[in-house]
Structure formats: structure tokens, C-alpha cells
Amino acid sequence: MSAASCLRSEDQFLCSICLDVFTDPVTTSCGHNFCKNCITEHWNSNDQYLCPMCKEVFNKRPKLSVNTFISEVVAQFRQEAQQKASSSSSEQQAAKPGEVPCDVCTGTKLKALKSCLVCLTSYCETHLEPHLTASRLKRHQLMDPVENLEDRMCMKHNKPLELFCKTDQTCVCMLCSVLNHKTHEFVPLKEEYEGKKAELGKTEAEIQQMIQKRRLKIQEIKHSVDLSKKDADREKAEGVQVFITLKESVERSLNELIETIEEKQRTTEKQAEDFIKELKQEISELMKRNSEVKQLSRSEDHLHLLQNFPSLKAALPTNDWTEVSVHPPSYEGTVVRAVAQLEETLSKEMKKLFEVELKRVQQYAVDVTLDPDTAHPKLILSDDEKQVNCGDVWKSLPDNPERFSPCVSVLGKQSFSSGRFYFEVQVKGKTDWDLGVARESINRKGKITARPQDGYWTIWLRNGNEYSACNNPPVRLSLKSQPQKVGVFVDYKEGLVSFYDVDAAALIYSFTGCSFTEKLYPFFSPCINYGGKNSAPLIICPVNQTE
């Protein structure tokens with residue numbers, strides 16, 4: 001018999017109990033064939049002796065006889081199938097790690113092509129063939145190969161999990177739907193699979209979107225780092241240049257100071273040398289005259305002495321050296337004047353620096369307006385909410401929690417809780433004012449102490465010329481000129497609040513190391529008008545960035 005004919009009649013040699021090729025086939029008296037072990041166990045587990053195929057009942061256990069014909073055919077079938085499996089196994093691939101192996105293969109396990117939910121077995125190409133050709137095995141449910149097939153069977157009823165219970169959100173078998181979940185809502189696994197797959201598609205899209213957002217955030221962070229590095233490099237380069245300039249100025253001033261002192265010393269030494277030279281010359285002349293006088297005085301020749309006496313009595317050097325002296329030069333004030341000159345040079349360089357810094361912070365200018373709901377009842381706000389001064393009339397306004405009382409103060413409408421911001425306020429013509437920023441939770445009623453621990457970062461002017469930073473304790477400020485326009489800059493993250501004299505391009509004061517955890521609002525107080533002496537308004541100005 002050829003292998004092809006064996007395969008065509010393969011279903012004739014399958015035991016109806018184990019659904020596999022006969023092993024020790026026997027025939028009952030009704031003419032049906034079974035594996036000897038299968039029919040024996042079947043009768044051992046039942047009260048009646050009946051044929052599993054035709055249901056014929058036997059009064060007593062039939063005597064089983066071996067079907068030699070089928071045994072021979074099955075043996076030949078097995079041999080040919082094994083030869084075919086051996087010849088095809090060389091063409092098939094052995095199961096690799098992570099792949100499902102064939103459960104039937106002995107020795108080298110080949111890669112499984114399908115798994116059977118009825119047999120709970122995975123088959124390679126060769127061992128799968130009966131399921132593709134035998135009519136009884138064709139009814140079995142095949143699927144792509146998976147491991148742990150037992151997990152796909154109902155633990156209670158040993159049936160395939162074919163339905164999904166939407167009520168309990170679990171997979172069940174057909175019997176479960178009738179017995180344990182009969183009032184529940186069911187759908188086929190495929191239908192639920194399609195729904196869940198669609199959900200997974202949405203989830204995957206959401207995840208991809210989240211991944212994309214995070215990738216964009218990474219790019220944003222890297223870009224910020226690049227910008228920071230550029231700023232750092234620029235700042236270092238400018239700082240190096242500034243300090244080189246300052247160093248050169250100091251060295252130049254030092255050299256000039258030394259040259260001035262040494263020039264004075266050289267002048268003194270030259271004067272002394274001239275005096276000494278002249279004195280030595282006179283001494284030489286006097287010594288010569290003295291020798292002539294001494295020689296003539298010893299002469300015994302009367303005529304000779306009288307004849308030469310007049311020439312020796314000629315005028316002697318008449319320079320009066322009594323009042324002549326060399327005074328050491330005065331160096332008092334030389335170093336002071338040099339340092340003063342250096343300070344002037346450094347001040348010019350500092351002014352250039354502050355002009356650059358002011359130009360930078362002005363890039364963060366924001367539009368600030370005054371908030372009428374926070375204004376003290378005596379304050380008068382302009383229609384555009386850009387100006388405020390103190391009047392004499394206490395207006396009838398709701399005493400809401402946001403309103404200042406009795407301190408004549410007002411906040412800006414705009415709040416800031418991140419980044420940097422800058423605004424400018426004209427203070428021209430005023431004798432008293434307060435400016436700065438304040439946190440949202442500040443006390444606005446009763447006596448207010450404006451200091452950082454109470455939520456205020458401000459500076460003030462009192463009596464027309466007394467400037468202070470409202471720190472703890474207050475810091476008296478010594479300014480070269482009275483600011484007409486004050487710039488306020490805040491870097492929320494760095495905890496920095498700086499005040500600038502805009503016209504002079506000078507730094508007035510900085511609060512550093514601040515810890516901001518709330519919204520910050522611009523803070524203004526024009527102070528009381530003192531009978532008109534301080535009636536000028538505080539004016540929020542548009543920022544005109546310096547060129």
C-alpha cells in the first residue's frame with residue numbers, strides 16, 4: 001500500500017475513543033474497532049457494556065479479539081508515516097528558543113505550525129497532517145501555535161474557552177454560559193477580541209502620542225540646555241573681556257602712579273645733583289684761592305706781596321647757600337588721586353555693564369495694569385489703570401478681602417508664577433513711594449510689615465532722599481542720583497528681584513536667594529500726599545528698550 005493511499009484512508013484507522021491511529025486494534029461482536037486499551041477503560045468506567053459507536057448493549061463483557069488485518073495495515077501506515085516524517089523533518093526547522101515546539105516529535109522537536117484546542121496538543125507540519133485530512137479530526141479547532149494550551153480550557157468543564165462574559169469580564173466555555181453565567185451577557189471571543197483590539201489600537205495611538213510628546217519635551221529640554229550653554233559661553237566671554245579691561249585699567253593706573261612717584265623722585269635727585277655740582281665747583285675755586293693766599297702770606301718779599309694782594313682780594317663767590325635745601329617731594333594724595341581716577345574709569349565700565357544688563361532684562365517686559373479691587377479707598381486710579389496717586393477722600397468701596405486697608409497700596413492685575421518679567425514705573429516728582437512685588441497670600445489689612453518673610457520684596461523712598469530696601473533688617477541705599485524711572489525685574493525660578501535706575505542704567509538693589517511658591521503680583525504704594533507735597537502719581541510706563 002502506498003503512502004498516498006494510506007493517507008487517503010487514514011480516517012479508517014482512527015479509534016473513535018482516542019481519535020488517534022489504532023494501537024492494538026480489537027473488534028467487538030457488533031463489528032466496530034477500537035484500541036484495546038481504550039475500549040477496556042471505557043467499559044471499566046461505565047456500569048453498562050455498550051458499544052461507543054452503535055450503542056449496542058451487551059449483557060456481559062464481550063470477549064475481544066485482535067483484528068490482525070487492521071493491525072498489519074496500521075503497522076504499515078505507521079512505518080510509512082514515520083518514513084515520511086523522517087524525510088520531511090530535514091526540510092522543517094527545529095523549534096528555536098521562544099518558538100512553540102511540536103508535542104508529538106521525539107528527539108529533535110520541530111517547530112509547531114498549529115495547536116489543537118481539542119487535543120490540547122501542538123503539531124509540526126508532519127504531525128498536523130491527520131488534522132487536515134481525517135474527516136473526524138477536521139472538526140477540531142486549530143489555531144496558531146501557543147504554549148500552555150491547558151490555560152485555554154475551562155478548569156471546571158474541560159471545554160475550550162469560546163465565549164466572553166461581559167458581566168464578569170472573563171472568558172468562559174459553552175457550559176459556563178448555561179450553568180454558572182446563565183443570566184450574564186455573552187459575546188463570542190472573536191467579537192470581544194475585535195473590540196479589545198480596537199481599544200488597544202486607541203491605547204497604542206495614545207501611547208505613541210505620549211511618546212511623541214516626551215520626545216518633543218526631550219528636544220525642548222536639549223534646546224534649553226543649548227540656549228543655556230550659549231548664554232553661559234557669551235556671559236563667560238563678556239565677563240572675561242570685562243575683567244581683562246578692568247585688569248588693564250588697574251595695571252595702567254598702577255603704572256601711572258609709579259611713574260608719577262618716580263618722576264617726582266627723579267626731579268628731586270636732579271635738583272640735588274645740580275646743587276651739589278655747583279657747590280663742588282665753588283669749593284674748588286675757594287680751595288685754589290686759599291692756596292694762593294697761603295702762599296702769598298708766607299712771602300718775605302714786600303714788593304711782591306703788595307703787588308699781588310689786590311688780585312687775591314678780588315670778589316669771592318657770593319652765592320648764599322644758607323636758605324638753599326632739597327626738600328623731599330610730597331606724595332600725600334598721590335595714591336588717593338590715582339584710586340579716584342581708577343574709580344572713575346571703573347564706574348564708566350560698570351555703567352556699560354549695567355546698560356547691557358538692563359537691555360537684557362527689558363526683553364522680558366510685560367503689560368501691567370492696576371487692579372481696582374485691591375486699591376485702598378483713598379487711591380485714585382486713571383481710566384487706563386496705569387496711574388495711581390493718593391487723594392484726600394475716602395471713597396465708599398466694598399471692603400473685600402483683596403483690598404488694602406489702611407495701607408494706601410494697590411496690586412497689579414497680572415500674576416506670575418514662573419519665568420521672568422519686567423516692568424517700569426515713573427516716580428518723578430514724588431517724595432515718598434513703595435515699589436516691588438508681593439505674593440498672593442500677603443496680609444492686606446491692618447499694620448503691614450513689608451519684608452520678604454511676610455511676602456513683600458520692595459524698595460522705598462522717604463522724605464525725598466532716603467532710599468531703603470525693605471529687607472530684614474532694612475538696607476539703607478546710597479544712590480548717586482535720584483531715580484526718575486524705576487525698573488523691576490523678577491526671575492521666579494532663580495529667586496531674584498532686582499530694581500534699576502532706568503535713566504542712569506544703574507542697579508539699585510537686588511533680593512537674591514528668594515523662595516517663591518505662590519503667584520507674584522506687582523506692588524505699588526504712592527504713599528499719602530502730605531498736603532500736596534507728594535501728589536504726583538506713580539505711572540506704569542511702556543518699556544523703551546535701550547539701543
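Computed from a predicted model, the values in this text were never measured in an experiment. (Residues numbered from 1 in each chain as written. Predicted model: local features only at pLDDT ≥ 70, side-chain atom pairs only at ≥ 80, totals over all residues. Heavy atoms only, no water.)

1. Structural notes on the pattern of salt bridges
Any two side chains of opposite charge can pair, given that their charged atoms come close. Stated formally: We define a salt bridge as a side-chain nitrogen of Lys or Arg found within 4 Å of a carboxyl oxygen belonging to Asp or Glu. Runs of H or I in DSSP of at least four residues are treated as helices and runs of E of at least two as strands, each being numbered from the N terminus. Working definition: with a 1.4 Å probe on protein chains only, accessible area under 20% of the residue-type maximum means buried, over 50% means exposed, and in between means partly exposed.
Applying the stated criterion across every chain, the model contains 23 salt bridges. Taking the shortest distance from any N to any O, the salt bridge between Glu192 and Lys196 comes out at 2.2 Å. With Glu192 and Lys196 both in helix α7 (residues 189-297) and four residues apart, this pair spans about one turn of that helix. The exposure class assigned to Glu192 is buried, which follows from its relative accessible area of 9%. Linking Lys236 and Asp233 is a salt bridge whose minimum nitrogen-to-oxygen distance equals 3.8 Å. Of the two residues, Lys236 and Asp233 are both situated in helix α7; the distance of three residues between them amounts to about one turn of the helix. Here Asp233 falls in the partly exposed class, since its relative accessible area comes to 32%. Here the salt bridges share partners, and the residues they tie into one network are Asp231, Arg234, Glu235, Glu238 and Arg360.

2. Re the sheet that holds strand β18 (residues 466-469)
Going by this rule: Strand pairing is assigned whenever DSSP identifies at least 2 bridges connecting the two strands.
If you walk across this open sheet you meet the six strands as β14-β23-β16-β17-β18-β19, and the pairing is antiparallel. The open sheet terminates on both sides in strands that have one partner only, identified here as β14 (410-411) and β19 (475-477). Both β14 and strand β23 (residues 520-525) contribute to a ladder of two bridges, which runs antiparallel. When the bridges of β23 are listed, Leu411 appears paired with Phe523.

3. Quick word on the packing of α7 against helix α8 (residues 302-312)
Describing two packed helices takes the angle between their axes plus the distance from one axis to the other. Condition: Under this scheme, a helix contributes an axis fitted over its contacting stretch, all axes are lines through C-alpha atoms, and angles between N-to-C directions fall in the 0 to 180 degree range. The scheme is simple: roughly parallel for angles under 35 degrees, roughly antiparallel for over 145, roughly perpendicular for 65 to 115, oblique for anything else. Rotating anticlockwise by less than a right angle from the far helix to the near helix defines a left-handed crossing, while the corresponding clockwise rotation defines a right-handed one. Residues are treated as being in contact if the distance between any of their heavy atoms lies within 4.5 Å. In the scheme used here, Gly and all other residues not listed as nonpolar or charged are polar, with Ala, Val, Leu, Ile, Met, Phe, Trp, Tyr, Cys and Pro taken as nonpolar and Asp, Glu, Lys and Arg as charged.
Look at α7 against α8: their axes get within 11 Å of each other, and the N-to-C directions meet at 160°. The angle between the axes of α7 and α8 places the two elements in the roughly antiparallel class. At the point where α7 passes α8, the crossing takes the left-handed sense. Together, Arg289, Glu292, Val293 and Leu296 of α7 and His304, Leu305, Asn308, Phe309, Ser311 and Leu312 of α8 make up the contact between the two elements. For the contact of α7 with α8, a count of residues per class yields five nonpolar, three polar and two charged.

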